[in-house]
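Listed below, chain by chain, are the residues.
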Amino acid sequence: MGVAFNGFSPSGNVTGEPVYVNYGRVEDFDELEALGVNVSGKICLSRYGKIFRGNKVWNAQQRGAVGVILYLDPVEVALEGTDPEHVYPKTWWMPETAMQRGSVFTGDGDPLTPGYPSVEGAYRYAMKDTLLPKIPSQPIGYGDARNILSLLSGQPAPTNWSGGFNITLHLGPGFAGDDSDKRIRLQVYNKFNQTVNYNVIGYIRGDIEPDRYVILGNHRDAWGFGAVDPSSGTAEMLEVSRILGKLHKNGWKPRRTLVFCSWAAEEYGLIGSTEWVEDKLPQLMDRTVAYVNSDVCASGTKFQVAASPLLASVVQEMTRYVEDPGSPEKSVYDTWKDYHSDGMGDEKEPRVRTLSSGSDHSPFAFYAGIPSIDISWVVDKKIYPIATYPAYHTAYETFDLMSRLIDPKFIYHQSCSRLNGLLLHRLSGSLLLPYNLTTYGEELQMAFHSLEEKGILEKLEDQGISLGLLKETIDNFTKTATEWHKHTKETDLDNPLMVRQVNDQMMLVERTFIKPTGLPEQPLKRNIAFAPSKYDSYSSHGFPAIHDLSYGIDNLSDEDKHARWEEIKLHISDLTVALRQAKAVLDRNFYL
């Protein structure tokens, strides 16, 4: 299995006083600053959870830290106790030696070729000019973390920072009592090499529209054995391709081309998928109907899905045809709806979340503007309020763990395969694309409402920045989207050119929100409607740049504050223009 390490952490040999920084979020560092704790020149101790590990290291680097130590907190991975009878191999909880590996690169793709394909002859930036972290980081187990944290000096940590250790946590910096003269020494011996990785691509050619693609993808690299991430998804993709391939041999022909992608180097920053998208960008943006991602199929018992709003309805539809693995007498849709029901007879459809990053749908959804879906069965947080399955990226993520403790009968794998197979069949075979533009409008309305809920709207209005025109364009798009579906019912389905025109217009909607220069400080995230925050790749936001640009603006100098407000005005203008264009592409006379 080798030594645990953080991918893309630079090598280094640094010494400094330790400081406990909770989850290493921006707000955690802000709280430390308010408490008078300075991390400059220090080594930060951060527990995993809440945000992407790379953002933790980046935040520490921005505050002047010289290194970061990351650890798993028992409150996340040993919730029922740390004694041997409570952890693996007796249960799925982790022992004190478990260490979560993972990349700490905050970008996507080859770091040396940002925004263009890493092919022979491509220009490559020097490492010092990339987004790669500049300070070393290292994961450790919670046993070692407890030993370090128990010795810290300084004021007590805030009560909500206590975690799962039965000790009084202090913030530091430095150690208490007889150990006050001691320091932490962090040595990292990572090596950087350029190497060739290979994606494996297969396809079933479409019979009527071979130049329209429906793509299923899964990465095959893992941090260790990877029984959950990604092998549960790999098993699903192989099964779906086997079944659809067998149907094809028996005479079935999809209307559109099906593409099956086994991605390389996902764990190092979505490299395989990102470089492929960058290399094939013109064709993919012009021709791709949908991308279905299969990273982790089975890590728990709760159904979870995120998707572009255009594809929310087709997910809801297909879940009605698949038996729920935990309750075979019900459909996946039924248990999904029951889980989120308010218990008051609410008959609303279960909501499909918008996409975050962290897996291979990211370059499709956020760089190319291709509607995407990501499906999984995950930990039920009503039972276990934890971030993810305990063995994530550890050496304990084995076939034994999967076959004994997570999915012994592989029924969740089976349901995942059935659902993704049905999605591919529907997306590749339907005459009119099963997009729901009304849902897209509804999500845009919710994104605007979120600005009100978080007080951003009021803050903007205090600066004389009105979002009235933006709200008007959202309303106009929503109205047009609703009317669009009435229009499609009048489509002459016997006229192939008319069908093609209607589908092409719908495919353009998501693309109109792609800004060529990308989001502020996120050039590879180009979807200005729905994308992750720059502060957390695992998050999902409507109008993400407004949220990001508004954060911390009150702490800036007058000059920087003015520049930031102007940047927000520019971005609001971009959104307003994009919404007008999205409405325009749905005009019946668009092609005249």
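Throughout what follows, the structure given in this document is the object of discussion. (Residues numbered from 1 in each chain as written. Predicted model: local features only at pLDDT ≥ 70, side-chain atom pairs only at ≥ 80, totals over all residues. Heavy atoms only, no water.)

## Brief notes about the pattern of salt bridges
Okay, step 1: Enumeration over the complete set of coordinates arrives at 29 salt bridges.
Okay, step 2: For Arg500, the salt bridge goes to Glu209, with nearest N and O atoms at 2.9 Å. With Arg500 in helix H16 (residues 496–511) and Glu209 in strand E10 (residues 209–219), the pair connects residues that are 291 residues apart, well separated along the chain.
Okay, step 3: According to the relative accessible area criterion, Arg500 is partly exposed, its value standing at 23%.
Okay, step 4: As a salt-bridge pair, Lys330 and Asp338 come within 3.2 Å of each other at their nearest N and O atoms.
Okay, step 5: Take Lys330: its relative accessible area is 32%, and that puts it in the partly exposed class.
Okay, step 6: Among the residues examined, Asp338 registers a relative accessible area of 43% and is labelled partly exposed.
Okay, step 7: Here the salt bridges share partners, and the residues they tie into one network are Glu209, Asp211, Arg212, Arg255, Arg256, Arg500 and Asp504. (Salt bridge = Lys/Arg side-chain N within 4 Å of Asp/Glu carboxyl O. Helix = DSSP H or I, 4+ residues; strand = E, 2+ residues; numbered from the N terminus. Buried < 20%, exposed > 50% of the residue type's maximum accessible area, 1.4 Å probe, protein only.)

## Details of the state of the cysteines
Okay, step 1: Scanning the model with the defined rule gives one disulfide in all.
Okay, step 2: Residue pairing for Cys297: its cysteine sulfur links by disulfide to Cys416, the two sulfurs lying 2.0 Å apart. Residues Cys297 and Cys416 are joined by a disulfide whose S-S torsion is about -65°; by sign, that bridge is left-handed. Taken together, the residues span a long stretch of sequence, with Cys297 in the loop between strand E12 (288–293) and strand E13 (302–307) and Cys416 in helix H12 (residues 411–429) at a distance of 119 residues.
Okay, step 3: A relative accessible area of 0% means that Cys297 is categorised as buried.
Okay, step 4: With no disulfide partner, Cys261 has as its closest neighbouring cysteine sulfur the one in Cys297, 16 Å distant. (Disulfide = S-S within 2.5 Å.)

## Let's talk about the sheet that holds strand E7 (residues 137–140)
Okay, step 1: In spatial order, the strands read E3-E4-E5-E7; together these four strands make up an open sheet with parallel pairing. Looking at the sheet topology across the chains shown, the edges are occupied by strand E3 (18–20) and E7. Along the sheet, successive strands turn relative to each other by an average axial angle of 25°, direction set aside.
Okay, step 2: By the bridge criterion, four bridges tie strand E5 (residues 67–71) to E7 in an arrangement that is parallel. (Pairing = 2+ DSSP bridges. Axes fitted to C-alpha atoms, helices over the stretch in contact; angles between N-to-C directions.)

## A short note on the packing of aromatic side chains
Okay, step 1: With the rule as written, the count across this model stands at 27 aromatic pairs.
Okay, step 2: On the numbers, 4.0 Å between centres and 5° between planes, the contact of Tyr291 with Phe364 is stacked. With Tyr291 in strand E12 and Phe364 in helix H10 (residues 362–367), this pair connects stretches of sequence that are 73 residues apart.
Okay, step 3: Using a relative accessible area of 0% as the deciding quantity, one classes Tyr291 as buried.
Okay, step 4: Owing to a relative accessible area of 0%, Phe364 belongs among the buried residues under this scheme.
Okay, step 5: Put simply, the rings of Phe5, Phe8, Phe105, Phe192, Trp223 and Tyr268 pair up and form one aromatic cluster.
Okay, step 6: In this structure, Arg320 is placed above the aromatic ring of Tyr333, and the distance from its NZ or CZ to the ring centre is 3.8 Å. (Phe/Tyr/Trp six-rings, centres within 6.5 Å; stacked < 30°, edge-to-face > 60°. Lys NZ or Arg CZ within 6 Å of the ring centre and 35° of its normal.)

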